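Descriptive structure summary
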Amino acid sequence: MAFYRCGKCNLTWQYPIKKCPRCFEALTEQKGKQARVIAVSRVGIPTLFHPGVPYFILLLQDENGNVWAHKSSKEYVIGAEFKADPVLEAGAVAVWKVKYDWPEAIDKIISLLGGLKIGGSKKILLLPTLNAASHYYFRDNTSPQFFTAVFEYLLESGAKTENITVGAQSFSDVPVGAIAQKSGLLEICSKYKITPKDLSASTFEKEGKYEIVKEALDADLIINLAMLKIGQASATQNFFKILKKENFLELKNLGSEADIVKCFKEIEGKIMTVADGETTQRSNKLAGFTGLALAGRDPCGVDLVFNEITKANRMPDILKSLELKLEDIPIAGRTVAEAQYLAEYF
Ligand SMILES: [Zn+2]
C-alpha cells in the first residue's frame, strides 16, 4: 500500500494528493514492502456492499508505521505477515481494489500475474477502448487517468515511447478520431508526443479466416485497455479491434462473437488485458463506483470475473457461449467473495 507523506509536518495520506493541504509542501510516496496484521474484526452481518459473511477486517501495518484496513475472507492471527502472492498460470485473473490511486493499482495487478518483461526494444501495441463520442465520466471509453497510469507504468518499466503504438478503430459509423477527441485521449497522447493510429487505415494480414492488423502481429506485447461494463464482455469486445471491421462483421453475421474469440489464439502469449473497473456502467447505462482493477492474459476471463464480482443481472451472451466457468479461473490478489457486491442494486 502506498502512502503520501509531508516531509515538513509529517501528515500522511492514503490518496495520491500532490501537496500537503496544511503547509503546501510536495508529498513523497512511501511504499511499504511488508505488512503485518495488528488487529482483526470478524463481521457476521451482511450488507449490500458486503453480501457474503462472515468476513474479516484486518488492520495492517507496514514497516513505515502506516496503518490501513483490509477486507479478507480468510482469518488471520495478530502478528501474522500479510501478503498477496502472484499467480503465474496463463488463464489467471488478478483482482485488486482501487480508490483514486491508479498508478499503484496498475503496478499491483500486473505484479500479481508475475509482471511484464519490458525492455527498451520491445514493441508494444496499446489498444484503448474507444466506443462512443462521450466524455470519460460516462465510462464508455478509456479515461485519461487510466491511460496515463498504464503509460507511466510502461515508461517506468523501461519501455521507450518510440516503440509504443496507440491504436484504435471504430466498428460503428462514428469516426474514431471524434471518439478519441471527446474522450480526452488525444490530449493525453499529444502530452506524450504520440500520434494515435487509426487501425482501420493500416494493413491487415490473413491468418486463416481472420484478417489481423499488422501492428498486432508485429508487436511483442499487446495491452488491451478495457473499460469494464456490468453485463457486457467489454474487455473481449475491445480486443476484436485487432480485426478488420468488414472481416469482424462478416464473421459475426455468419457465426457469433464467441467464435471470433478463437482469433486470439493467433497472437496468444503476447496479450495482457488491464481493466478499469473503478467506476463502471450498469446494465441501465448509469455509471457507479465499483472500485475494481483487474488484469489477465485472457480478456474473456477478465470479463467473467468482473461480472461475477458485480453480480451482473445477466451474463453476456459471448461468455455464456464460451461456457467459461469461474471455478476454472485461478484468481490472484483478492478473492471474488471478498470483492463481491450487489452493484446492480444501486
Ligand atoms: Zn504538511
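Residues numbered from 1 in each chain as written. Predicted model: local features only at pLDDT ≥ 70, side-chain atom pairs only at ≥ 80, totals over all residues. Heavy atoms only, no water.

With that settled, the discussion passes to the coordination of the zinc ion. Donor atoms from the polypeptide that coordinate the zinc ion comprise Cys6 (SG), Cys9 (SG), Cys20 (SG) and Cys23 (SG), at 2.2 to 2.3 Å from the metal. One can describe the site at the zinc ion as tetrahedral: its four donor atoms subtend angles covering 101 to 121 degrees at the metal. (Donors = N, O, S within 2.8 Å, 3.2 Å for Na, K, Ca; no water. Tetrahedral: all angles 85-135°; square planar, octahedral: opposite > 155°, others 65-115°.)

Our next topic: the packing of aromatic side chains. The final tally for this structure, using the stated rule, is 13 aromatic pairs. A centroid spacing of 5.5 Å and a plane angle of 50 degrees characterise the contact between Tyr76 and Phe82, whose relative ring orientation is tilted. For the pair shown, Tyr76 and Phe82 are each scored as buried. Centre to centre, the rings of Phe240 and Phe264 are 5.8 Å apart; their planes meet at 35 degrees, and the pair counts as tilted. Here the residue Phe240 occupies a position in the loop between helix H6 (234-239) and helix H7 (245-254), and Phe264 occupies one in the loop between helix H8 (257-260) and strand S15 (271-281), the gap between them amounting to 24 residues. Taking the relative accessible area as the measure of exposure, Phe240 reaches 0% and is therefore buried. (Phe/Tyr/Trp six-rings, centres within 6.5 Å; stacked < 30°, edge-to-face > 60°. Buried < 20%, exposed > 50% of the residue type's maximum accessible area, 1.4 Å probe, protein only. Helix = DSSP H or I, 4+ residues; strand = E, 2+ residues; numbered from the N terminus.)

This brings us to helix H9 (residues 299-309). In terms of residue burial, H9 counts as a mostly covered element, since 10 of its 11 residues are buried. Residues Pro299, Cys300, Gly301, Val302, Asp303, Leu304, Val305, Phe306, Asn307 and Ile309 constitute the buried set of H9. Backbone nitrogen of Cys300 and a side-chain oxygen of the N-cap are separated by 3.1 Å at the start of H9; the cap is Asp298. Looking one or two residues past H9, Lys311 carries a phi angle of roughly 50 degrees, positive in sign. (Polar contact = N/O pair within 3.5 Å; in protein donor to acceptor, adjacent residues only side chain to side chain.)

Before going further, it helps to spend a moment on the side chain of Lys229. With respect to the helices and strands, Lys229 occurs in strand S14 (residues 221-229). Among buried Asp, Glu, Lys and Arg side chains, Lys229 stands out as unpaired, with Asp140 the closest opposite charge at 5.2 Å. Side-chain polar atoms of Lys229 contact the backbone oxygen of Asp140, separated by 3.1 Å. Residues within four places of Lys229 in sequence aside, it is in contact with Thr129, Asn131, Arg139, Asp140, Ser234, Gln281, Phe306 and Asn307. (Lys, Arg positive; Asp, Glu negative; His and termini not counted. Salt bridge = Lys/Arg side-chain N within 4 Å of Asp/Glu carboxyl O. Contact = heavy atoms within 4.5 Å.)

This part takes up the sheet that holds strand S2 (residues 12-13). Spatially, the three strands line up as an open sheet ordered S2-S1-S3, and their pairing is antiparallel. The sheet is open, and its two edges are formed by S2 and strand S3 (27-31), each paired on a single side. The pairing of strand S1 (residues 2-6) with S3 spans five bridges and is classified as antiparallel. Bridge assignment links Ala2 to a residue of S3, and that residue is Lys31. (Pairing = 2+ DSSP bridges.)

Attention shifts here to unusual backbone geometry. For residues other than glycine, phi is negative in most cases, and the peptide bonds are mostly trans. Residue Val53 is joined to Pro54 through a cis peptide bond whose omega torsion reads -5 degrees. The residue Pro54 is located in the loop between strand S4 (35-43) and strand S5 (55-62) in this model. Of note, Asn10 is a non-glycine position whose phi angle comes to about 75 degrees, a positive value. Tracing the sequence through the fold places Asn10 in the loop between S1 and S2. Exposure remark for Asn10: the relative accessible area of 48% places this residue in the partly exposed category. Even without glycine at this site, Arg139 takes up a positive phi of about 65 degrees. Here Arg139 shows up in the loop between strand S9 (124-128) and helix H2 (144-156). Of the residues examined, Arg139 reaches a relative accessible area of 6% and is grouped as buried.

Often, the extent of an interface is quoted as the loss of accessible area on bringing the components together. Domain annotation for the protein reports domain 1 (2-82) and domain 2 (93-345). Distance from the C-alpha centre of domain 1 to the C-alpha centre of domain 2: 29 Å. Each partner contributes residues to the interface: domain 1 has 12 residues there, and domain 2 has 14 residues. Of all residues in domain 1, Tyr15, Leu48 and Lys71 bury the most surface against domain 2, accounting for 36% of the area lost on that side. Where domain 1 touches domain 2, the interface holds one salt bridge. The salt bridge partner of Lys31 is Asp107, with a shortest N-O separation of 3.1 Å. The tally of links between domain 1 and domain 2 comes to eight residue pairs in polar contact (both at pLDDT 80 or more). Going through the elements one at a time, S1 and strand S6 (67-72) are the ones with two or more residues in the side of domain 1 that touches domain 2. Grouping the amino acids of the side of domain 1 that touches domain 2 by side-chain chemistry returns seven nonpolar, three polar and two charged. (Domains from an automatic or database assignment. Buried area = accessible area lost by both parts, 1.4 Å probe. Nonpolar A, V, L, I, M, F, W, Y, C, P; charged D, E, K, R; others polar.)

Moving on, we come to a nonpolar patch on the surface. Together, Tyr15, Ile17 and Tyr100 make up a nonpolar patch on the protein surface, roughly 290 Å² of accessible area in all. In this structure, Ile17 sits in the loop between S2 and S3. (Patch = residues over 30% accessible without salt bridge, like charges linked within 9 Å, V, L, I, M, F, W, Y side chains within 5 Å. Areas by Shrake-Rupley, 256 points an atom, 1.4 Å probe, with all protein chains shown as cover.)

It is worth spelling out H2 at this point. Because an α-helix completes one turn every 3.6 residues, residues spaced three or four positions apart along the sequence face the same direction. Under the 1.5 Å per step criterion, the end-to-end length of H2 is 18 Å for 13 residues, consistent within 8% with the ideal 18 Å. Of the residues making up H2, those classed as buried are Pro144, Phe146, Phe147, Thr148, Ala149, Val150, Phe151, Tyr153 and Leu154. Looking one or two residues past H2, Gly158 carries a phi angle of roughly 110 degrees, positive in sign. (Expected span 1.5 Å × (residues − 1).)

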